[in-house]
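Observations on the three-dimensional arrangement
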Amino acid sequence: MNNVDKKVAFYTLGCKLNFSETSTIARNFVNEGFERVDFNNKADVYVINTCSVTDNADKRFKTIVKSALKQNNQAFIIGVGCYAQLKPEELAAVDGVDLVLGATEKFNVTSYINDLTKNDLGEIHSCEIEQADFYVGSYSIGDRTRAFLKVQDGCDYKCTYCTIPLARGISRSDTLANVLKNAKEISEKGIKEIVLTGVNIGDYGKGEHGNKRHEHTFFELVQALDNVKGINRLRISSIEPNLLKDETIDFISQSKIFVPHFHIPLQSGSDVLLKKMKRRYLKRIYTDRVSRIKKVMPNACIGVDVIVGFPGETDELFLETYNYLSELDISYLHVFTYSERQNTEAAEMEGSVPKNIRAKRSKMLRGLSVKKRRAFYESQLGNSSTVLFESENKEGYIFGFTENYVKVKTPWNPELVNTLHNITLKKIGEDGAVRFEFC
């Protein structure tokens, strides 16, 4: 098939890992002669990279398909990603969907397109998830001042609420040599910041050579990346508390490239619920990790994932989580409202929490997050930091983030885009972003 003059557009739902994978899939299309265009433009092919972490992501797929068909009702629509692996028949049945590719097939999407004739029913290519045992490296560039670099995929944990192992397969890693090659490629493109992503990146090294043995550890990965020339910032996206070791924390505190920003999933501040969730730590481990970080990096930003409304979460257990987080020296929360997922243990558990109670608890923790972020920003006023400016003009302002993830803003100036500057944080604006002075 001649792809010259053919246009392709992409829409990504979900996590940073999905963004890195979409970018890799997009580069495959460009290598085949396609022109990449914005999703809001007319294209011949629309690729939607799906997520299955929340109900909302499932439902949004139909809306996104409709918006693509509005641009071009003869467009070839492809669904890939986690939801495509878990529920391929559901995606294929959506009006207008032509092709659905599961976990192993998504990186070969161009080889599945023989022609762009619309199908009456979506064609499915999806393996058993046990076959998703090989690793495809990826990174995202081109649409941001930072790149998401995938270093690991899949998960061997069996958390009772989670479908990720069903959608992405076993834990496996990129080789250290390939991660360093990708990091060097990114640095050569003038991108200032790399965010390390994966499903469970603290497990890095497992399956690096197609087996369970760790050839390298996450700490060795961090040490090696610290020596890549041309990178200004390295940020760790999310790491399990039981896999974040003292040696890694101490090394990052001395690093010139790794920034003092950690995102550490907690999920519950109740040991009772942590056990029901089959998390691999208890509360005291989490407290210890936060204390260790703050001891060696007092200005570090710490983000927390937390789930509300898990089966068996009584008012008392929820308040235990709320009070624990209230007293903990953290900077912000990502709050997830529990939703039942098919083929998970939690979906069969007793003690279901009514939806209205889940919503109320979610609102309480989101309110706490606002207070935590405000308190963290206030603690940073007067400090000197380095800011990396973003590329968007938002209503006449340009925004940026300090190394420890304080959001700042100043009147739009195109010369600031993707540049680093030393600043002093001055005051918090009404919109929550911090005003500053250039040093």
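Below is a summary of the structure that appears in this document.

What counts, and at which threshold
- Residues numbered from 1 in each chain as written.
- Predicted model: local features only at pLDDT ≥ 70, side-chain atom pairs only at ≥ 80, totals over all residues.
- Heavy atoms only, no water.
- Phe/Tyr/Trp six-rings, centres within 6.5 Å; stacked < 30°, edge-to-face > 60°.
- Buried < 20%, exposed > 50% of the residue type's maximum accessible area, 1.4 Å probe, protein only.
- Pairing = 2+ DSSP bridges.
- Helix = DSSP H or I, 4+ residues; strand = E, 2+ residues; numbered from the N terminus.
- Axes fitted to C-alpha atoms, helices over the stretch in contact; angles between N-to-C directions.
- Contact = heavy atoms within 4.5 Å.
- Disulfide = S-S within 2.5 Å.
- Salt bridge = Lys/Arg side-chain N within 4 Å of Asp/Glu carboxyl O.
- Parallel < 35°, antiparallel > 145°, perpendicular 65-115°, else oblique.
- Left-handed = near helix turned anticlockwise from the far one by under 90°.
- Nonpolar A, V, L, I, M, F, W, Y, C, P; charged D, E, K, R; others polar.
- Core = buried A, V, L, I, M, F, W, Y, C linked by side-chain atoms within 4.5 Å.
- Polar contact = N/O pair within 3.5 Å; in protein donor to acceptor, adjacent residues only side chain to side chain.

Looking at the packing of aromatic side chains
In total, this model carries 15 aromatic pairs according to the counting rule given. Seen in terms of ring centroids, Phe376 and Tyr377 are 6.3 Å apart; in terms of plane orientation they differ by 50°. Their pairing is tilted. Taken individually, Phe376 and Tyr377 each receive the classification buried, so the pair is uniform in this respect. Taking the centre distance of 6.4 Å and the plane angle of 45° together, the rings of Phe389 and Phe438 count as tilted.

Here we look at the sheet that holds strand S4 (residues 76–81)
The strand order S2-S1-S3-S4-S5-S6 describes an open sheet built from six strands, whose pairing is parallel. The open sheet has two edge strands, strand S2 (35–37) and strand S6 (123–125), and neither has a second partner. Mean inter-strand twist for the sheet, computed between neighbouring axes without regard to direction, equals 25°. Sheet strands in contact with helix H1 (residues 16–31) are strand S1 (7–12), S2, strand S3 (45–50) and S4, and its direction is about 175° off that of S1.

A look at the state of the cysteines
Enumeration according to the criterion identifies zero disulfides in this entry. Free cysteine Cys51: the closest other cysteine sulfur is in Cys82, separated by 6.4 Å. The thiol of Cys162 is not disulfide-bonded; the next cysteine sulfur, from Cys159, is found 6.1 Å away. Judged by relative accessible area, which is 25%, Cys162 ranks as partly exposed.

Regarding the pattern of salt bridges
Inspection of the entire model under this criterion finds 28 salt bridges. As a salt-bridge pair, Glu21 and Lys106 come within 3.1 Å of each other at their nearest N and O atoms. Taken together, the positions of Glu21 in helix H1 and Lys106 in the loop between strand S5 (97–101) and S6 put the pair 85 residues apart, joining distant regions of the chain. Given the relative accessible area of 3%, Lys106 is considered buried. Between Lys278 and Glu345 there is a salt bridge; the shortest N-O distance is 2.8 Å. Linking Lys278 in the loop between helix H9 (271–277) and helix H10 (283–296) with Glu345 in the loop between strand S15 (332–337) and helix H12 (355–380), this pair joins segments that are 67 residues apart in sequence. For Lys278, a relative accessible area of 41% corresponds to the partly exposed category. Residue classification places Glu345 among the partly exposed residues on the basis of a relative accessible area of 42%. Three or more residues joined by partner-sharing salt bridges are found here, namely Glu21, Lys106, Lys150, Asp153, Arg168 and Arg172.

Considering the environment of Val65
With respect to the helices and strands, the residue Val65 is situated in helix H2 (residues 55–71). We classify Val65 as buried; its relative accessible area is 1%. Sequence-distant contacts of Val65, defined by excluding residues within four places in its chain, comprise Ile48, Ile77, Val94, Asp95 and Val97.

Overview of the packing of helix H7 (residues 218–225) against helix H8 (residues 246–254)
Look at H7 against H8: their axes get within 9 Å of each other, and the N-to-C directions meet at 15°. Comparing the axis directions of H7 and H8 gives the class roughly parallel. Crossing geometry of H7 relative to H8 is assigned as left-handed. On the side of H7, the interface is formed by Phe218, Phe219, Val222 and Gln223, while H8 contributes Glu247, Thr248, Phe251 and Ile252. Here the residues of the contact of H7 with H8 are counted per class, giving five nonpolar, two polar and one charged.

A closer look at the nonpolar core
Counting residues in hydrophobic clusters, the biggest one holds 52 residues, and the most contacted among them are Leu149, Leu196, Leu221, Leu225, Ile293, Leu325 and Leu365. Of all the elements, H7 adds the most residues to this core, at five residues. With residues near it in sequence (within four places) discarded, Leu221 still touches Val151, Leu176, Val179, Leu196 and Tyr204. Counting 21 residues, the second largest nonpolar core, distinct from the first, contains Val37, Ala68, Leu91 and Val100.

Quick look at the environment of Tyr83
Mapped onto the secondary structure, Tyr83 falls in helix H3 (residues 82–86). Between the C-alpha atoms of Tyr83 and Thr163, which are 80 residues apart in sequence, the distance is 9.6 Å. At a separation of 2.5 Å, a polar atom in the side chain of Tyr83 contacts the side chain of Glu90.

Re H7
Each turn of an α-helix holds 3.6 residues, which means side chains three or four residues apart point in the same direction. Extensive coverage of H7 is indicated by the burial of six of its eight residues. As for H7, its buried residues are in contact with helix H6 (176–188), strand S11 (193–197), strand S12 (233–236) and H8.

Focus: the pairing of S5
A regular strand places its side chains so that they alternate between the two faces of the sheet. Most of S5 sits out of view: five of its five residues are buried. Note: S4 against S5, four bridges, orientation parallel. Bridging across to S5, Val80 finds its partner in Leu101.

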